[in-house]
Amino acid sequence: MKYTFSCADIGMNCGFEIINAGSEEELLEMLKTHAKMDHGITSIPPELIDKIKKAIRKSGKYSFSCADIGMNCGFEIIGASSEDELLQQLSIHARMSHKMNNIPQDTINAIKQKIKVS
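Quick look at the structure, then. Quantities reported herein were computed from a predicted structural model and do not represent experimental measurements. (Residues numbered from 1 in each chain as written. Predicted model: local features only at pLDDT ≥ 70, side-chain atom pairs only at ≥ 80, totals over all residues. Heavy atoms only, no water.)

This part is about empty space enclosed by the protein. Throughout the structure, instances matching the rule amount to one cavity of 30 Å³ or more. In this model, the largest cavity occupies a volume close to 110 Å³. Lining the largest cavity, in full, are Phe5, Cys7, Ile10, Met12, Leu31, His34, Ala35, His39, Ile41, Ile44, Leu48 and Ile52. No other element matches the four residues that helix α1 (residues 24–39) contributes to the lining of the largest cavity. (1 Å grid on protein atoms, 1.4 Å probe; cavity = no way out; pocket = protein on both sides within 12 Å on 5 of 7 lines; lining within 4 Å. Points joined across faces, edges and corners; volume = space filled by probe spheres on them. Helix = DSSP H or I, 4+ residues; strand = E, 2+ residues; numbered from the N terminus.)

Let's shift gears to the pattern of salt bridges. Side-chain pairs of opposite charge can arise where the charged atoms are in close proximity. Scanning the entire structure with this criterion turns up four salt bridges. Arg57 is paired through a salt bridge with Asp9; the nearest N and O atoms lie 2.2 Å apart. Taken as a pair, Arg57 in strand β3 (residues 57–59) and Asp9 in the loop between β1 (2–6) and β2 (17–21) lie far apart in primary sequence, 48 residues in all. You can call Asp9 partly exposed: its relative accessible area is 39%. Residue Lys32 is joined to Glu29 by a salt bridge in which the shortest nitrogen-to-oxygen separation is 3.4 Å. With a gap of three residues between them, Lys32 and Glu29 both fall in helix α1, about one helical turn apart. With relative accessibility at 39%, the residue Lys32 sits in the partly exposed group. (Salt bridge = Lys/Arg side-chain N within 4 Å of Asp/Glu carboxyl O. Buried < 20%, exposed > 50% of the residue type's maximum accessible area, 1.4 Å probe, protein only.)

Time to look at unusual backbone geometry. A positive phi is found at Asn20, a non-glycine position, where the angle reads about 65°. The residue Asn20 is located in strand β2 in this model. With a phi close to 55°, Lys99 is a non-glycine residue in the positive phi region. By the element assignment, Lys99 lies in the loop between α3 (83–98) and α4 (105–114). The exposed category is assigned to Lys99, whose relative accessible area is 67%.

Moving on to the nonpolar core. Counting residues in hydrophobic clusters, the biggest one holds 16 residues, and the most contacted among them are Phe5, Leu27, Leu31, Ile52 and Ile56. Not counting residues up to four positions away in its chain, the partners in contact with Leu31 are Phe5, Cys7, Phe16, Ile18, Ile44 and Ile52. Counting residues in each nonpolar core, the second largest holds 12 residues, with Phe64, Cys66, Cys73 and Ile103 among its members. (Core = buried A, V, L, I, M, F, W, Y, C linked by side-chain atoms within 4.5 Å. Contact = heavy atoms within 4.5 Å.)

Another aspect to go through is the sheet that holds β1. Pairing is antiparallel across the open sheet formed by three strands, whose spatial order is β2-β1-β3. Across the chains shown, the open sheet's two edge strands, defined by having one partner strand only, are β2 and β3. Across the sheet, the axes of successive neighbouring strands diverge by a mean angle of 20°, strand direction being ignored. One ladder, built from three bridges, connects β1 with β3; its direction is antiparallel. Paired with Tyr3 across the two strands is Lys58, which belongs to β3. Packed on one face of the sheet, α1 meets β1 and β2 and runs near 155° to β2. (Pairing = 2+ DSSP bridges. Axes fitted to C-alpha atoms, helices over the stretch in contact; angles between N-to-C directions.)

Laid out in structure tokens, this is it:
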């Protein structure tokens, strides 16, 4: 999985971005260096770190199987380009195959924990 972030994503008037970092930790270390060198920030406050983490985009191929959450169903999604795309496809499957108009929030939370990204 690769990690991407842009200062503009959190409302900063800054063109800096990190594309395809190998881990969230690597991205944060690069961002700390940028903050110090370009903005004079020697310590990023915890609330800003939280905001940054929420804005980090993960890229890769997303996959999920209904069996991952204990459903007796052979359905799986392989190669979705984002979590949103995967959840949209899963919503269609839930509606068509399981007669579910809405997926309960606790089930969505369980699904999100089982999504694989490669």
